[in-house]
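Structure at a glance
For reference, the chains in residue letters:
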Amino acid sequence: MNPYVLTILLSSLGLGTVLTFASSHWLLAWMGLEINTLAIIPLMARQYHPRAIEATTKYFLTQATAAAMILFASTTNAWLVGEWDIQQLTHPIAATTAMLALALKVGLAPVHFWLPEVLQGLDLTTGLILSTWQKLAPFALMLQVAPTVNSSLVVTLGLLSTLVGGWGGLNQTQLRKILAYSSIAHLGWMVLIMQFAPSLTLLSLIMYIIMTSSAFMTLKTNNSLTINALAISWTKAPALAALAILVLLSLGGLPPLSGFMPKWLILQELTKQGLPMSATLAAMTALLSLYFYLRLCYAMTLTIWPNTLAATTPWRLDFTHITLPLSLVTMLALGLLPLTPAMAALLNL
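- Labelled according to an unreviewed UniProt entry, the protein appears under the name NADH-ubiquinone oxidoreductase chain 2, originating from Coregonus clupeaformis.
- Per UniProt, the comment on the protein under Function (unreviewed entry) is "Core subunit of the mitochondrial membrane respiratory chain NADH dehydrogenase (Complex I) which catalyzes electron transfer from NADH through the respiratory chain, using ubiquinone as an electron acceptor. Essential for the catalytic activity and assembly of complex I."
- As its UniProt record puts it under Subcellular location (unreviewed entry), the protein is described as follows: "Mitochondrion inner membrane".

As structure tokens, this is what we get:
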């Protein structure tokens, strides 16, 4: 892609998100979301592959539907209440419609069906942008809308997403689909606590972005797209493979890794709020996710690719990837758990 075009698209991507962050009026927020969607579509379709085009079309139709629902909800609220302000979305119908539209935008269950299919059709770099940056603007709106929505709906969305995210990833062999279901499960954890501790949702979102970035960059460096391809990752880069296993376990939420921090604080907060059953169910669904992360770890460490060639193998050639971003996010994905008391004090938990 032409570097000038790429610069314009990435700038528009940033502009759309910042515009949504800075807006207090529904139309301005909607405009930011639209700029965001239109900026990523050429990035998704740049591969000239039927699957990439199909993924782009599915993404466009889904996002257009969600944008229309947001516009409908905000117009309904303005008509019934006389307010365009985002935090004044007080009418129950408008608030519920807006919440479901934003759930569709980020890919929460039960409106998650587009996410694995779209992510499967993209390359890993665009998939990383879709899984991280594209979640920021809708989440900023969800945090503002959540206080006016029925709490049962929000908790149900969260629990259903953690369940679907764990269940859906069990029988997958494509790594991009596994990461898509992982994304759905993590988003479920964030939504689950959204009404009770919004600051904790933000902490979870930051941790999710760090861990997912590390996972995507590792797969890109190894050039792995399926579970079978992971078997040669140890031969390519043993140190990276060892760290990748820890990153996957961090995504699963195992102590003493960073991914345990948000899960621990969320379960603690749910129990404080008098929702022990929701906390138990969320913890049980985390075991489903942990199973497919362990499956990937097994493929990387305990299976050996048949290697009978005497010639120089292609993965021993000089390494040309830029690895500084990967090393930074991997370090953060593994070592932030000791900061948990500081985070809890900072967030007044």
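Still more to cover.
1. Re the nonpolar core
- Y59, V118 and L130 are the most contacted members of the largest nonpolar core, which totals 67 residues.
- Both domains that furnish three or more residues to this core are identified here as domain 1 (1–149) and domain 2 (196–348).
- If sequence neighbours within four positions are ignored, L130 has contacts with I40, Y59, L115, V118, L119, L122 and K135.

2. Some details on the packing of aromatic side chains
- Enumeration over the complete set of coordinates arrives at three aromatic pairs.
- Aromatic pair F292 and Y293: ring centres 4.9 Å apart, planes at 55°, arrangement tilted.
- On the accessibility criterion, F292 (0% relative accessible area) is buried.
- Residue Y293 is classed as buried on the basis of its relative accessible area of 1%.
- Over the ring of W189 we find K263, and its NZ or CZ is 5.2 Å from the ring centre.

3. Brief notes about the side chain of E269
- Tracing the sequence through the fold places E269 in helix α13 (residues 260–272).
- The side chain of E269 sits in the buried core without any salt bridge; K272 is the nearest counter-charge, 4.2 Å away.

4. Digging into the domain arrangement of the protein
- The domain architecture assigned to the protein consists of domain 1 (1–149) and domain 2 (196–348).
- Just the C-alpha atoms count here: the centres of domain 1 and domain 2 sit 26 Å apart.
- Domain 1 puts 11 residues into the contact, and the matching count from domain 2 is 14 residues.
- Taken together, both faces of the contact between domain 1 and domain 2 bury some 1000 Å²; the carbon and sulfur share is 86%.
- Together, L124, L128 and L143 form the three largest contributors to the area buried by domain 1 at its contact with domain 2, with a combined 51%.
- On inspection of domain 1 and its partner domain 2, the count reaches zero salt bridges.

Cut-offs and rules
- Residues numbered from 1 in each chain as written.
- Predicted model: local features only at pLDDT ≥ 70, side-chain atom pairs only at ≥ 80, totals over all residues.
- Heavy atoms only, no water.
- UniProt positions renumbered as here; feature names shortened; annotations may be inferred.
- Core = buried A, V, L, I, M, F, W, Y, C linked by side-chain atoms within 4.5 Å.
- Buried < 20%, exposed > 50% of the residue type's maximum accessible area, 1.4 Å probe, protein only.
- Domains from an automatic or database assignment.
- Contact = heavy atoms within 4.5 Å.
- Phe/Tyr/Trp six-rings, centres within 6.5 Å; stacked < 30°, edge-to-face > 60°.
- Lys NZ or Arg CZ within 6 Å of the ring centre and 35° of its normal.
- Helix = DSSP H or I, 4+ residues; strand = E, 2+ residues; numbered from the N terminus.
- Lys, Arg positive; Asp, Glu negative; His and termini not counted.
- Salt bridge = Lys/Arg side-chain N within 4 Å of Asp/Glu carboxyl O.
- Buried area = accessible area lost by both parts, 1.4 Å probe.

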